[in-house]
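Structural overview
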Amino acid sequence: MTIFVFVGSLLALMALGMPVAFALIGCGLSMMFYLGVTDPQIVIQNMWDGANSFPLLAVPFFMLAGEFMNAGGMTRRIITMAMSWVGHIRGGLGYVAVVAAVIMASLSGSAVADTAALAAVLVPMMRNAGYDVNRSCGLIACGGIIAPVIPPSIGMILYGVTGGVSITKLFIAGIVPGVMMGLAIMVAWRWSIQRDKVNGEPKRSMAERRTATRESLWALVLPIVIVGGLKLGWFTPTEAAVIAAVYSLIVGLVVYREIKPSQLFHLFYRAAETTAVIMFLVSAAGVSAWLITTANIPQQLADLVEPLMGNKMLLTFALMLLVLLVGTALDFTPTVLIMTPVLMPVLKQAGIDPVYFGVLFIMNNAIGLVTPPVGTVLNVVCGIAKIPMSGAIKGVMPFMIAQTLVMLLLVVFPEIVMWPLRMMTR
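Note that this is a predicted model, so its numbers are computed, not measured.

1. Looking at the overall build of the chain
Assigned secondary structure in the chain consists of 22 helices and zero strands. Taken over C-alpha atoms, the radius of gyration comes to 22 Å for the chain, in line with the 22 Å a tight globule of 426 residues would show. With the C-alpha coordinates aligned to their principal axes, the bounding extent of the chain is approximately 70 × 50 × 50 Å. For the chain, the residues scored as buried account for 54% of the 426 residues in total. In the chain, once contacts between residues fewer than 6 apart in sequence are set aside, the share between residues at least 24 apart is 80%. Across the chain, the mean location of the 24 positive side-chain charges is 14 Å away from that of the 17 negative side-chain charges.

Structure, rendered in structure tokens:
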């Protein structure tokens, strides 16, 4: 009955059009009433505790870094470099989108920001070259959702803080799965354009390639600094976010000189606006998380999946299906914040590594960003390309299926996810 009250009140409030953050608070109040808890101070106290976390300071700084990268020309130079190396191959602009998406994912960690930057540059080019616009938008959308998986990832920070999991280990474990997602959609792209007649880009000379690579070198150094510094213990994920923001600002202001001092207020404002949305969701989820624990919902869920407790693979597969279903109805951040406190006790009881599961969990939620009816990233691409959602859904299907297959492959072979961690601890 408790699970029904939790899920029913949350879905009912969302169905009435209430924003997710307020729906989470309303859901918490419903559970308080059901459990006989009447002290209203609990709501404020848990909202404060939910956001009062040092690692969460990484969120605004990574948001700020993304704004500086886009405004400072780092994003455009990454796309230019990818164009110089693979743009001339048949279907080259699609490969450019994927290569650029993987590199950009290692810089900002925001799927929406990366997708918007890629779509603004590449969609007009792909349209003019004769590519199917729906398929091109689907590819760019699935390229954008690699960002939450490859470090630095805002989603992994939220999961790590909510579930008490090492963010550094999550970052390192996400590298190989993120690259595999990119390779999977490259294969799907190659298969899907076999019959298309498209105009190829001119092949660049080696001198042009070297020039493009040299100009993007400032951007390529940043992920090495972040991951290397985290592994060597030089700084925490929060400090890494500050370094990324300051580094991007200096490069944009001093090196590329594309950020003007007059733009700074607007860039800070946009980052603050996005951060405020995320942090309010985190605060609201703090109320639900406390009541989830108080109502013993994780144990009730564990009782439901008890027949699978003896088989980690089947249990992981069942939980992935549950998350995939939830991800079609909820956006990325609410799903992470709601499901993590519910699933974490089940993982510990079943003996599933929370780092391994966390990578799959974030992958699953990232795929939810391109699944209707919510499909935030898909909506971003549709808005930029000015195409209907129905066309984008059709175009994204082969790439979404490819990335889902990668996730299921990692369920079967968990050692692929944990391999980088084992190599770095030797």
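2. Focus on the packing of helix α4 (residues 58-72) against helix α14 (residues 237-255)
Between α4 and α14, whose axes approach to 8 Å, the crossing angle comes to 20°. Between α4 and α14, the angle is such that the two are roughly parallel. Crossing of α4 over α14 shows left-handed handedness. Residue-level contacts link Ala58, Phe61, Phe62, Leu64, Ala65, Phe68, Met69 and Gly72 of α4 to Pro237, Thr238, Ala240, Ala241, Val242, Ala244, Ala245, Ser248, Leu249 and Gly252 of α14. Split by residue class, the contact of α4 with α14 holds 14 nonpolar, four polar and no charged.

3. Let's talk about a nonpolar patch on the surface
A contiguous nonpolar patch, built from Trp218, Val242, Val246, Ile250, Val254 and Val255 and spanning about 490 Å² of accessible area, is present on the exposed surface. Take the nonpolar patch: its biggest share by element is five residues, from α14. By the secondary structure assignment, Val246 is in helix α14. Accessibility expressed as a relative area gives 44% for Val246, which makes it partly exposed.

4. Remarks on helix α1 (residues 2-15)
Along an α-helix, residues three or four positions apart point the same way, because every turn accommodates 3.6 residues. Across its 14 residues, α1 extends 20 Å between first and last C-alpha, which sits within 8% of the 20 Å expected from 1.5 Å per residue. Residues Thr2, Val5, Phe6, Ser9, Leu10 and Leu13 constitute the buried set of α1. Taken down its axis, α1 places every buried residue within 115° of arc, on the same side. Away from the buried face of α1 by more than 90 degrees, exposed residues Phe4 and Ala15 are located. Looking at the buried positions of α1, the neighbouring elements they touch are α2 (20-35), α15 (264-294), α16 (297-304) and α18 (332-350).

5. Some details on unusual backbone geometry
Note that the residue after Pro151, namely Pro152, is joined by a cis bond; omega there is 0°. For Pro152, the position within the fold is in the loop between α8 (133-144) and α9 (154-163). The phi torsion at Arg257 lies on the positive side, around 55°, for a residue other than glycine. By the secondary structure assignment, Arg257 is in the loop between α14 and α15. Positive phi, close to 60°, is recorded for Lys386, a residue that is not glycine.

6. Concerning the nonpolar core
If you look at the biggest cluster of nonpolar residues, it comprises 158 residues, and the most contacted ones within it are Leu122, Leu158, Tyr159, Phe357, Phe361, Met363 and Val370. Contact partners of Val370, with chain neighbours within four places excluded, come to Ala141, Cys142, Ile145, Gly375, Val377, Leu378, Val396 and Met400.

7. A closer look at the confidence of the model for the chain
On average, residues of the chain score 88 in pLDDT, and 98% of them are at 70 or above. Mean pLDDT across the elements of the chain ranges from a minimum in α16, with 79, to a maximum in helix α19 (residues 354-367), with 96.

8. Notes on the packing of helix α3 (residues 41-51) against α15
Viewed as axis vectors pointing N to C, α3 and α15 meet at an angle of 125°, and their least axial separation amounts to 7 Å. It follows from the interaxial angle that α3 and α15 lie oblique. Of the two elements, α3 crosses α15, and the hand of that crossing is right-handed. Only Met279, Phe280, Val282, Ser283, Gly286, Val287 and Trp290 of α15 make contact with α3, whose side of the interface consists of Ile42, Val43, Asn46, Met47, Gly50 and Ala51.

9. Here we look at the pattern of salt bridges
Scanning all chains against the criterion turns up three salt bridges. The residue Glu258 makes a salt bridge to Arg76 at a minimum N-O spacing of 2.3 Å. Of this pair, Glu258 sits in the loop between α14 and α15 while Arg76 sits in helix α5 (residues 74-86); the two residues are 182 residues apart in sequence, bridging distant segments of the chain. Here Glu258 falls in the partly exposed class, since its relative accessible area comes to 25%. Within this structure, Arg76, Arg77 and Glu258 form a network of salt bridges that share partners.

10. What to know about the packing of aromatic side chains
Taken as a whole, this structure holds eight aromatic pairs when the rule is applied. On the basis of an interplanar angle of 35° and a centroid distance of 6.3 Å, the ring pair of Trp189 and Phe399 is categorised as tilted. One end of the pair, Trp189, is in helix α11 (residues 175-192); the other, Phe399, is in helix α21 (residues 389-412), and 210 residues separate them in sequence. Among the residues examined, Phe399 registers a relative accessible area of 0% and is labelled buried. Seen in terms of ring centroids, Trp218 and Tyr247 are 6.4 Å apart; in terms of plane orientation they differ by 45°. Their pairing is tilted.

11. Some points on the side chain of Ser9
With respect to the helices, strands and loops of the structure, Ser9 is situated in helix α1. Judged by its relative accessible area of 13%, Ser9 is buried. Only 2.6 Å separates the side chain of Ser9 from the backbone oxygen of Val5, close enough to count as a polar contact. Setting aside anything within four residues of it in sequence, one finds Ser9 in contact with Phe4, Cys27 and Ser30.

Calculation criteria
- All chains use their own residue numbering, which begins from 1 and follows the written sequence.
- Per-residue local features of the predicted model are confined to residues with pLDDT of at least 70, and side-chain atom pairs are confined, for both listing and counting, to 80 or more; whole-chain, interface and lining totals are unaffected and use all residues.
- Heavy atoms from the whole structure form the basis of all side-chain values; hydrogens and water molecules are not counted.
- Elements are defined by DSSP. Helices are runs of H or I of four residues or more, strands are runs of E of two residues or more, and each kind is numbered from the N terminus.
- Atoms counted for the radius of gyration: C-alpha only. Globule rule: 2.2 Å times residue count to the power 0.38.
- Per-residue accessibility, obtained with a 1.4 Å probe over protein chains only, is compared with the maximum for each type, and a residue is labelled buried under 20%, exposed over 50%, and partly exposed between these values.
- The contact criterion used is simple: two residues touch if any of their non-hydrogen atoms lie within 4.5 Å.
- Asp and Glu are treated as the negative residues and Lys and Arg as the positive ones, with His and the ends of the chain left uncounted.
- We put the charge of a Lys on NZ, of an Arg on CZ, of an Asp on CG and of a Glu on CD.
- The angle between two axes is taken between their N-to-C directions and runs from 0 to 180 degrees, where each axis is a line fitted to C-alpha atoms and a helix contributes only its stretch in contact.
- Note on terminology: angles under 35 degrees are roughly parallel, angles over 145 are roughly antiparallel, angles of 65 to 115 are roughly perpendicular, and the others are oblique.
- What makes a crossing left-handed is the near helix being turned counterclockwise from the far one by less than a right angle; a clockwise turn instead makes it right-handed.
- All amino acids are sorted into three groups, where Ala, Val, Leu, Ile, Met, Phe, Trp, Tyr, Cys and Pro are nonpolar, Asp, Glu, Lys and Arg are charged, and the leftover types, Gly among them, are polar.
- Like charges are joined within 9 Å and nonpolar side chains (Val, Leu, Ile, Met, Phe, Trp, Tyr) within 5 Å, but only among residues with over 30% relative accessible area and no salt bridge; these make up the patches.
- Here the accessible surface of atoms and residues is derived via Shrake-Rupley with a 1.4 Å probe, and residues count as covered only by protein chains that are part of the display.
- Salt bridges are defined by distance alone: a side-chain nitrogen of Lys or Arg within 4 Å of a carboxyl oxygen of Asp or Glu.
- Here the expected length of a helix is defined as 1.5 Å per residue gap, with one fewer gap than residues.
- The arc in question is formed by the directions pointing from the helix axis toward the C-beta atoms.
- Side-chain atoms within 4.5 Å are what join buried Ala, Val, Leu, Ile, Met, Phe, Trp, Tyr and Cys residues into a set we call a nonpolar core.
- pLDDT expresses, on a scale from 0 to 100, how confident the predictor is about each individual residue.
- For Phe, Tyr and Trp, where Trp contributes only its six-membered ring, two rings pair if their centres lie within 6.5 Å, and the inter-plane angle classes them as stacked under 30 degrees, edge-to-face over 60, or tilted in between.
- A 3.5 Å cut-off defines polar contacts: any pair of N or O atoms within that distance qualifies, except that in protein one atom must be a possible hydrogen donor and the other a possible acceptor, and neighbouring residues in sequence count only when both atoms are side-chain atoms.

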